[in-house]
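Structural characterization, general
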Amino acid sequence: MGLCERCKKAQATFHLTNIDRAGAKVERHLCDACAAHEGLLNAGKPTVDLNELLENFIAAGKGAGADVSNLVCEECGISYVEFRNQGLLGCAHDYEVFKEPLTRLMERTHGGSATHVGKTPKSLGVVRKPQLDIRRLKRQLEEAVAGEDYERAAELRDRIRELERS
Amino acid sequence: MSNPLDLVVRQAGEWLRGTGPLHEIVISTRVRLARNLRGFAFLSRAEAETRRDIADTVSAAVRRAPLLRDFVHIDVEQLDELDRALLVERHLISRQHAEGVGARRLAFDPTEAAAIMINEEDHLRIQVMRSGLQVEEAWRQIDAIDDAVEEHLDYEFHPQFGYLTACPTNVGTGIRVSVMLHLPALRLTNELEKVGQAARDLKLAVRGLHGEGTEALGDFFQVSNQITLGRSEVEIIDDFRTRVIPRIVEYELAARDALLRTRPHALDDKIWRAVGALRSARLMSSNEAMQYLSHVRMGLHTGRLSVVDLQTLNELFLQIQPAHLQKLHGERLSGEQRSIERAAFIRTRLSSN
């Protein structure tokens, strides 16, 4: 690793390759301080996400939840910033917690609308599926039997029978 | 126990038989649905044990559905790298699913027309593949599979946002329609921009053979929707069925016509050089083979040659890929050995025709 070409003291950490007007390659090797001095330090940083900037700007303007980056889902623990960095949500509840910024994001990516049109689950309106409960109860029953908790096992068996009849 | 994948490798899935509408240009239609179970975290926040619970719940639901009785169940987590690569080459799982971590599975129909990836980016990714342009048929089939699975589990569904997905780019319908096209003439005449334009008009994306971030090998392109929210499945499907795909097919046919009329020798030269290389080469990379096979396919469909039938050609596209080649050969091969084996395999297949 070479030294900074400007101060010739510190380690060069900033490397820039430019093509000048004549088409020749010009390389620069500077330390952080000298790069900042020449106003070059920002050139190497990744570009700011304009959408996010705009989103924060709009949110701040509205005064509503002024800074979306402070939002955190209490169920899965993910923050809005983490979501924006990885692009994936942590749980279904995030759609409620981040509803405002997410709605804006979804309107943008889905051509203007953030309201679902189309298929809905057949079970919508039916509160619960007995099969799911039965399966969960059967697992609990196995555990109770394995743990020799026969009182609880009998209780679970009766509830399973009841559900299976319904 | 024998490996179910050893049988799969010998033939092409039903969707690659080359029988569907407009199959000369439209290789296949794929529809997929993203679904998540209610009451479980999305996968980026799911612990190993939760992942396993999700996988068990989905596997059990698939096994209980009478419609999905014949599905083959594969534990992707337990597969070796070669078998996982094989499934990617057959479009049964994504690269992401192959390279992922933790409990993840695959259930697929033996004809390979339908498959369910369990614990990919979402808890379920259901897909249906069909030969040629069959968007409506694919939708009807996947709709039925979705209902059959849902009989035995609960999906996460939001009154405003629809089916909830780990990434908001899939939310709403959770549907992704991808149509794979073979457009050699548009590439030869430098008119691919027309495809981009047709797709952009309807906010559709154009990608390479294996989807996101892949290049267009052998003149194959995938057109897929990006909007999943605010438009119904049927509206999305109709864009493909009645608008964008017929338009692209027309462009490709016009380009083939123009080549036949104005530069038949240039066209024949491409086609016959490809035949020559495929029949004579001693070393061949998969990219090179894809390009030659693409030109032969065009030759077949423009009536310029008949030295090979479509089924053989379609099988070759699949079997010259690295994992297929190694499975057929029965052992692992280095890059150069693969090139030798690939060239030999193609020579044999094309001489017995």
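Residues numbered from 1 in each chain as written. Chains lettered and ligands numbered in written order. Predicted model: local features only at pLDDT ≥ 70, side-chain atom pairs only at ≥ 80, totals over all residues. Heavy atoms only, no water.

**So, the overall build of chain A**
Filter applied, for reference: Helix and strand definitions follow DSSP, with helices as H or I runs of at least four residues and strands as E runs of at least two, each counted in order from the N terminus. Relative accessibility under 20% of the residue-type maximum defines a buried residue, over 50% an exposed one, and the middle range a partly exposed one, all with a 1.4 Å probe and only protein chains included. For this analysis, residues touch if any pair of their heavy atoms sits within 4.5 Å. The Shrake-Rupley method, run with a 1.4 Å probe, gives the accessible areas here. Residue values count only the displayed protein chains as cover.
Looking only at helices and strands, chain A features seven helices and two strands. When the helices and strands of chain A are placed in sequence order, the string is β-β-α-α-α-α-α-α-α. Across the 166 residues that make up chain A, the buried fraction comes to 28%. Considering only contacts in chain A between residues 6 or more positions apart, those separated by 24 or more positions represent 30%. On chain A, roughly 10900 Å² of surface is accessible, and the fraction owed to carbon and sulfur atoms is 53%.

**Points about the interface of chain A and chain B**
We count it as follows: A quick way to say it: buried area is the sum, across both parts, of accessible area lost when two parts are put together, with a 1.4 Å probe. Any Lys or Arg side-chain nitrogen found within 4 Å of a carboxyl oxygen on Asp or Glu counts as a salt bridge. Within 3.5 Å is the distance limit for a polar contact, defined as a pair of N or O atoms, with the added protein rule that one can donate a hydrogen and the other accept it, and that residues adjacent in sequence qualify only through two side-chain atoms. Under the scheme applied, nonpolar residues are Ala, Val, Leu, Ile, Met, Phe, Trp, Tyr, Cys and Pro; charged residues are Asp, Glu, Lys and Arg; polar residues are all the others, including Gly.
In this complex, chain A contributes 40 residues to the contact, which on the side of chain B involves 44 residues. Ranking the residues of chain A by area buried against chain B places A:Tyr95, A:His110 and A:Lys119 at the top, with a combined share of 22%. Our count for the contact surface shared by chain A and chain B stands at five salt bridges. With a shortest N-O distance of 2.6 Å, B:Arg45 and A:Glu82 are connected by a salt bridge. In this structure, the connection of chain A to chain B is made through 19 residue pairs in polar contact (both at pLDDT 80 or more). Listing elements by their share of the side of chain A that touches chain B, those giving two or more residues are α3 (80-86), α4 (94-97), α5 (99-109) and α6 (130-146) of chain A. At six residues, α5(A) tops the list of elements feeding residues into the side of chain A that touches chain B. In the side of chain A that touches chain B, the residues fall into 17 nonpolar, 15 polar and eight charged.

**Some thoughts on the environment of B:Met290**
Residue and element names in this part refer to chain B. In this fold, methionine 290 is placed in helix α10 (residues 286-301). Judged by its relative accessible area of 5%, methionine 290 falls in the buried class. In this structure the C-alpha to C-alpha distance between methionine 290 and aspartate 219, which are 71 residues apart in sequence, comes to 8.5 Å.

**A look at the domain arrangement of chain B**
Residue and element names in this part refer to chain B. Spelled out, the test is: Note: domain ranges come from an automatic or database domain assignment.
Domain boundaries in chain B define domain 1 (5-256) and domain 2 (264-351). Put simply, the middle of domain 1 and the middle of domain 2, counted by C-alpha atoms, are 27 Å apart. The partner domain 2 presents 25 residues to the 30 residues of domain 1 that form the contact. Interface of domain 1 and domain 2: buried area, both sides summed, is about 2600 Å²; carbon and sulfur atoms make up 60% of it.

**As for the side chain of B:Ser339**
Residues and elements named next belong to chain B. Looking at where serine 339 falls in the secondary structure, it is placed in helix α13 (residues 335-351). Residue serine 339 is classed as buried on the basis of its relative accessible area, which comes to 15%. What serine 339 contacts, discounting residues up to four positions off in sequence, is Arg282, Leu283, Met284 and Ser285.

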